[in-house]
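Listed below, chain by chain, are the residues.
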Amino acid sequence: MLADDPAFLTETEHQHDTTVTSVGIELTGELDEVRLNAWLGNLLRTKGVDIFRSKGILAISGAPQQYVFQGVHMLLDGEFGRQWREGEPRSNKLVFIGRNLDRAALERGFADCLATAGAVA
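Fair warning: this is a prediction, and the values are worked out from it, not measured in the lab.

K.L.:
I'd love a proper account of the packing of helix α1 (residues 33-47) against helix α2 (residues 103-111), names of residues and values included.
P.N.:
Viewed as axis vectors pointing N to C, α1 and α2 meet at an angle of 150°, and their least axial separation amounts to 9 Å. Our classification of the angle between α1 and α2 gives roughly antiparallel. Counting all contacts with α1, which are made through Leu36, Trp39 and Leu43, the residues of α2 involved are Leu106, Gly109 and Phe110. Residue composition of the contact of α1 with α2, by class: 5 nonpolar, 1 polar and no charged.

K.L.:
Tell me about the pairing of strand β3 (residues 65-72), residues and numbers included.
P.N.:
Pairing of strand β2 (residues 51-58) with β3 involves 6 bridges; the strand directions are antiparallel. Following the sheet pairing, Ile57 is matched in β3 by Val68. The loop that links β2 with its antiparallel partner β3 comprises 6 residues; one of these, Gly62, has a positive phi angle of about 85°. Pairing between β3 and strand β4 (residues 75-83): 7 bridges, direction antiparallel. When the sheet's bridge partners are listed, Gln65 is paired in β4 with Gln83. Hairpin geometry of β3 and β4 is characterised by an intervening segment of 2 residues between the two adjacent antiparallel strands and by a positive phi of about 50° at His73.

K.L.:
Got a sec to walk through the sheet that holds β4? Specific residues and values, please.
P.N.:
On the basis of which strands lie adjacent, the open sheet formed by 5 strands has the order β1-β5-β2-β3-β4 and antiparallel pairing. Whereas interior strands pair on both sides, the edge strands pair on one side only; in this sheet they are β1 (20-28) and β4. This sheet shows a mean twist of 10° between the axes of neighbouring strands, independent of strand direction. Those strands touched by α1 are β2, β4 and β5 (91-99), and its axis lies near 170° from that of β2. Across the sheet, α2 lies against β1, β2 and β5, angled at about 30° from β1, the strand it touches most.

K.L.:
Break down the nonpolar core for me, with residues and values.
P.N.:
In terms of nonpolar packing, the biggest core is built from 21 residues, with Leu31, Leu36, Trp39, Leu58, Phe96, Leu106 and Phe110 touching the most fellow members. The set of elements that each furnish at least two residues to this core consists of β1, α1, β2, β5 and α2. Broken down by element, this core gets its largest block of residues, 5 residues, from α1. In contact with Leu31, other than residues within four places in its own chain, are Leu36, Leu58, Ala59, Ile60, Ser61, Asn92, Phe110, Cys113, Leu114 and Ala115.

About the thresholds
- Residues numbered from 1 in each chain as written.
- Predicted model: local features only at pLDDT ≥ 70, side-chain atom pairs only at ≥ 80, totals over all residues.
- Heavy atoms only, no water.
- Axes fitted to C-alpha atoms, helices over the stretch in contact; angles between N-to-C directions.
- Helix = DSSP H or I, 4+ residues; strand = E, 2+ residues; numbered from the N terminus.
- Parallel < 35°, antiparallel > 145°, perpendicular 65-115°, else oblique.
- Contact = heavy atoms within 4.5 Å.
- Nonpolar A, V, L, I, M, F, W, Y, C, P; charged D, E, K, R; others polar.
- Pairing = 2+ DSSP bridges.
- Core = buried A, V, L, I, M, F, W, Y, C linked by side-chain atoms within 4.5 Å.
- Buried < 20%, exposed > 50% of the residue type's maximum accessible area, 1.4 Å probe, protein only.

As structure tokens, this is what we get:
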């Protein structure tokens with residue numbers, strides 16, 4: 001390729017799509033599996049075309065293992081991974097990469113999946 005086009009590696013002017021961003025969320029606590037599945041299912045049905053990648057390590061309420069998932073657009077695959085270590089904080093980390101991501105809406109939706117969300121004190 002370089003022999004055919006010596007300017008191939010030369011920096012040229014280009015544009016980045018400013019609508020493509022990433023949203024990372026970290027949240028302490030355990031997630032309600034039913035609410036999480038409903039939220040993710042709805043999110044991927046309605047916004048999946050714009051969500052290029054998703055991945056996370058999650059603490060599902062009552063599960064002794066971390067739940068690890070990754071997705072591409074509307075396809076999501078996950079499985080339970082290693083055991084939570086004794087004394088290790090049960091926290092959740094997930095990342096979305098996509099177009100026109102609404103950080104506030106994603107953070108609200110994810111927080112609503114906490115097992116304690118909506119609990120009366």
